Amino acid sequence: MIKLDNSKNNLSQNFVILITFFLTIFLLNNEHIKHFVWQLPNLFMDFKQGVAWLKCHSLGFDIYNNIEPCYHQRMNYGKIWLLFPYNEISEKFYSFYFPYLLIFLSIFLIQKILNPTNTFEYFLFFLCIFNPSTILLFERANLDLLIFVLLILIIKNKINFINWILYFFLSFLKIYPVVILINFFLEDKNRSLKKLFIYGFVFCFVSFCYLFFNFEEYIFIIESAGDGKPGYHFLYSLNSLAKIIKYIFGINYILLLVLTYSLFIFLFIKIYQFFLKEKILLKQSFFTNEYIKLFLVSGYISAFLFFTVSNYFYKEIFLISLIPYFINNMKITKNKIFKLILNLILFRYIFLFIYSYFNVNDGLAVINNQRIFSNVFLTVISIKGLIDFIFMSVVSSFLIYETKNIFDFYLTKYKS
């Protein structure tokens, strides 16, 4: 009977995945999503730009230093991207089939990590897929989608050598995925200090050698990291509130940034202290608990992106990987705090529809070369910025706790 129940459950889950995938395809090919995301003339334009760079490189163009006729801008991916083979047959696969494959894998993996079992969790699952930020990522097929898929596969994969290759690939593909290296310390509970040092030294040595021979290209990537940053629209960043306050009141932006960052640090430390006082935090093994691993890796990526640069909000895809951690803790502790956090996540996803609608449909006036935003638009983006501020403060407080557990484990292990 147990096997039969499990087979029925797996069948129903696979059915949900397929239906979700086909609905996603339908939406991406439907013009009605233009009311919530900025649709480009063609699907998967971001990924097609990466394919264009592969094509130009195969034709012998310098894709870092010159703007050639076969692409729109200089390449801002790491040179390791050029390891992908290119020919006319692969171009169609990269431009059409591969983005759909990434979308399917992302839906499949989101379903697997959330593993919804009740109405609330299924509703949350569908919101994770069909909210405007995820749909925008699917529509553009930005490279963040590939990074998201590989991140989850790394956590689920138990063959460390394969993970090390992926660490190397992702770290030199874009800048921010280097944060994923924290998973190196979550792989093997029994790894000796000697092995930890040797593996770490070899990885760093190979990385520095690769960086040395490709130094100019990666300097360009760092210098161009700010190109194409969002202004006030579709923004996921700690500096969003500072931007809005500067626009409304004309206060010095640098001063506002200092105040915003200081308040953020103060808030998440206070939240951390409150959680400790209320004893809602549980010590669990981060070596065997997949939810903690996902939370740590995705949490640090999300915090790094949120804290350092202005991002288009499709980078919020990494926040999805945090949800299983809160669901698991809610089920174990029965504490209302986790239910409150999940309700905040739910509210945030629902509010994204309002936020995205006004991002697309609220007209932008320009007077004397200055952008003029409506009061409704300013109100909506302010609420979004405040929700992000609060939510990431909560996430950061849990990151402190779980990181402290890692330090405590290694200090105890290698001190004895």
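Note: the structure precedes this text.
Residues numbered from 1 in each chain as written. Predicted model: local features only at pLDDT ≥ 70, side-chain atom pairs only at ≥ 80, totals over all residues. Heavy atoms only, no water.

Visitor: Would you explain the packing of helix H7 (residues 160–171) against helix H8 (residues 193–213) in this entry?
Guide: For any two helices packed against each other, the geometry comes down to the angle between their axes and how far apart the axes lie. With their axes 11 Å apart at the nearest point, H7 and H8 run at an angle of 35 degrees to one another. Crossing geometry of H7 relative to H8 is assigned as right-handed. Between H7 and H8, the residues in contact are Trp164, Tyr167 and Phe168 and Tyr199, Phe203, Val206, Ser207 and Tyr210, respectively. When its residues are assigned to classes, the contact of H7 with H8 shows seven nonpolar, one polar and no charged. (Axes fitted to C-alpha atoms, helices over the stretch in contact; angles between N-to-C directions. Helix = DSSP H or I, 4+ residues; strand = E, 2+ residues; numbered from the N terminus. Left-handed = near helix turned anticlockwise from the far one by under 90°. Contact = heavy atoms within 4.5 Å. Nonpolar A, V, L, I, M, F, W, Y, C, P; charged D, E, K, R; others polar.)

Visitor: I'm lost on the pattern of salt bridges in this one. Help?
Guide: Side chains carrying opposite charge are able to pair once their charged atoms draw close together. Summed over all chains, the structure comprises 10 salt bridges. The partner of glutamate 139 in a salt bridge is arginine 140, with the nearest N and O atoms 3.0 Å apart. (Salt bridge = Lys/Arg side-chain N within 4 Å of Asp/Glu carboxyl O.)

Visitor: What am I meant to see in unusual backbone geometry here?
Guide: The backbone of phenylalanine 234 sits at a positive phi, close to 50 degrees, despite the residue not being glycine. Considering the arrangement of structural elements, one finds phenylalanine 234 in the loop between helix H9 (215–223) and strand S1 (235–236). Phi angles above zero are rare outside glycine, and lysine 279 is one such case at about 55 degrees. Here lysine 279 lies in the loop between helix H11 (253–278) and helix H12 (290–308). Relative accessible area serves as the criterion here: at 70%, lysine 279 is assigned to the exposed category. (Buried < 20%, exposed > 50% of the residue type's maximum accessible area, 1.4 Å probe, protein only.)

Visitor: Got a minute to help me understand the nonpolar core in this structure?
Guide: Here is a general trend for soluble globular proteins: nonpolar side chains tend to be buried in one another's company. With 140 residues, the main nonpolar core has Phe326 and Phe398 as its most contacted residues. Look past the residues within four positions of phenylalanine 398 in its chain and what remains in contact with it is Phe275, Ile280, Leu281, Phe295, Tyr325, Phe326, Phe338 and Ile341. (Core = buried A, V, L, I, M, F, W, Y, C linked by side-chain atoms within 4.5 Å.)

Visitor: Help me out: how do you make sense of a nonpolar patch on the surface in this one?
Guide: Side chains of Phe197, Ile198, Phe201, Val202, Phe205 and Val206 sit close together on the surface and give an oily, nonpolar patch of about 610 Å² of accessible area. Relative to the helices and strands, phenylalanine 201 resides in helix H8. (Patch = residues over 30% accessible without salt bridge, like charges linked within 9 Å, V, L, I, M, F, W, Y side chains within 5 Å. Areas by Shrake-Rupley, 256 points an atom, 1.4 Å probe, with all protein chains shown as cover.)

Visitor: Help me understand helix H13 (residues 323–333) in this model?
Guide: Because each turn of an α-helix spans 3.6 residues, side chains separated by three or four positions in sequence point in the same direction. Among the 11 residues that make up H13, eight are buried, leaving the element largely enclosed by the rest of the structure. Those residues of H13 not exposed but buried are Ile323, Pro324, Tyr325, Phe326, Ile327, Asn328, Asn329 and Met330. For H13, the secondary structure elements touched by its buried residues are helix H3 (88–114), helix H4 (119–130), H12, helix H14 (336–361) and helix H15 (375–415). At the C-terminal side of H13, lysine 334 shows a positive phi close to 60 degrees.

Visitor: Would you mind going over empty space enclosed by the protein with me for this structure?
Guide: Empty space among the atoms becomes apparent when a probe as large as a water molecule is rolled across them. As enumerated under the stated definition, the model contains two cavities of 30 Å³ or more in all. Surrounding the largest cavity, Gly231, Tyr232, Leu235, Ser240, Lys243, Ile244, Tyr355, Ile381, Lys384 and Gly385 form its lining. Listing elements by their share of the lining of the largest cavity, those giving two or more residues are helix H10 (240–249) and H15. Taken together, the residues of the lining of the largest cavity break down into five nonpolar, three polar and two charged. The calculated volume of the second largest cavity comes to roughly 40 Å³. Residue lining of the second largest cavity: Leu319, Ile323, Ile345, Arg348, Tyr349 and Phe391, and that is the complete set. (1 Å grid on protein atoms, 1.4 Å probe; cavity = no way out; pocket = protein on both sides within 12 Å on 5 of 7 lines; lining within 4 Å. Points joined across faces, edges and corners; volume = space filled by probe spheres on them.)

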